[in-house]
Amino acid sequence: MDKTLFMEACRDGGQRIDGALRLLDRSYFAILYRDSVRATGDRDIARDLVQEAFIKVWQRCATFRGESELLPWVRSVLRRVILDRLRQPAREVALEDEAGLTAAAMAQIAQLSGQQVPVPEDALKQRQLAEVFQRCWERFAQACPEHAVVISWIAEDGLTHGEIAALLERTPGATREFISQCRKRARIYLAEWHALAFTEV
């Protein structure tokens, strides 16, 4: 949907905003649902969160100034909704490792967590690697959901520290520290995959 038309609909309200929200739902539901399933691992919860995000879009449509495209703004609303849900059962897991993830590991996470595994000559090895990653990632997302979402924001969405700080409502310094913790925890849960992916045979 064109962002200018959306802004006009927000100003006019009534049937125009109803129509605009229905169009947003048709245009973006699949993308938002995929993001939500990836973050929560539960299709029913993911569907509820997308609907909740659309309610928030309706409530906040007057705050959209058109400084970005419409989809990134709607996705940022969804991220806040997901983050709020993940914070509800907030559980802390003891840190066991001080090493952070390498840039190469972050790039691999972006590919594998998006189910976009390239098919090299050795397809069997790559399939096994993808399965190990998926198993490790699911354990990480279940044990540390908020940390896994932040890693996804960095690896998949390319969010900056500033954008993450705004979503987390933390200071830049606190955000850097939290991102460091996220990487450390990811390193623990993805150790098996990392050893396979980055060890020369």
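Attention here is on the structure that accompanies the text. Everything numeric here is computed off the predicted structure, so don't read it as measured data.

## Regarding helix α3 (residues 43–60)
If you check α3, its first and last C-alpha atoms are 25 Å apart, about what 18 residues at 1.5 Å a residue would give, namely 26 Å. Among the residues making up α3, those that are buried are A46, L49, V50, A53, F54 and V57. Here the buried residues of α3 occupy an arc of 145° about the axis, which is enough to place them on one side.

## A word on the nonpolar core
One finds W137, V150, W153 and I164 to be the most contacted residues of the largest nonpolar core, which totals 48 residues. Secondary-structure elements contributing two or more residues to this core are α2 (14–40), α3, α4 (70–87), α6 (123–143), α7 (145–155), α8 (161–168) and α9 (172–189). Of the residues forming this core, the biggest block, 10 residues, is contributed by α4.

## What to know about the packing of aromatic side chains
Tallied over the full model, the rule gives 5 aromatic pairs. Both rings, one in W137 and one in F140, keep their centres 5.4 Å apart while their planes meet at 80°; by these two values the pair is edge-to-face. Highlighted residues: W137 and F140, both in helix α6, separated by 3 residues, approximately one helical turn. One aromatic cluster in this structure is built from F133, W137, F140, Y189 and W193. Over the ring of F178 we find R170; its NZ or CZ atom is 4.2 Å from the centre of that ring.

## A look at α8
Restricting attention to buried positions, one finds in α8 the residues I164, A165, L167 and L168. What you see down the axis of α8 is that its buried residues fit within an arc of 165°, all on one side. Tucked into the core, α8 has its buried residues touching α4, α7 and α9. Note on α8: the residue one or two positions beyond its end, E169, has a positive phi of about 55°.

## Quick notes on the pattern of salt bridges
Counted according to the given criterion, the structure contains 6 salt bridges. In this structure, E192 engages R135 in a salt bridge whose closest nitrogen and oxygen atoms are separated by 3.0 Å. Here R135 lies in helix α6 and E192 lies in helix α10 (residues 191–197), a separation of 57 residues in the sequence. Residues joined in a network through salt bridges with shared partners are R34, D35 and R75.

The rules behind these values
- Residues numbered from 1 in each chain as written.
- Predicted model: local features only at pLDDT ≥ 70, side-chain atom pairs only at ≥ 80, totals over all residues.
- Heavy atoms only, no water.
- Helix = DSSP H or I, 4+ residues; strand = E, 2+ residues; numbered from the N terminus.
- Expected span 1.5 Å × (residues − 1).
- Buried < 20%, exposed > 50% of the residue type's maximum accessible area, 1.4 Å probe, protein only.
- Arc of directions from axis to C-beta.
- Core = buried A, V, L, I, M, F, W, Y, C linked by side-chain atoms within 4.5 Å.
- Phe/Tyr/Trp six-rings, centres within 6.5 Å; stacked < 30°, edge-to-face > 60°.
- Lys NZ or Arg CZ within 6 Å of the ring centre and 35° of its normal.
- Contact = heavy atoms within 4.5 Å.
- Salt bridge = Lys/Arg side-chain N within 4 Å of Asp/Glu carboxyl O.

Nothing here speaks to function; it is all geometry.
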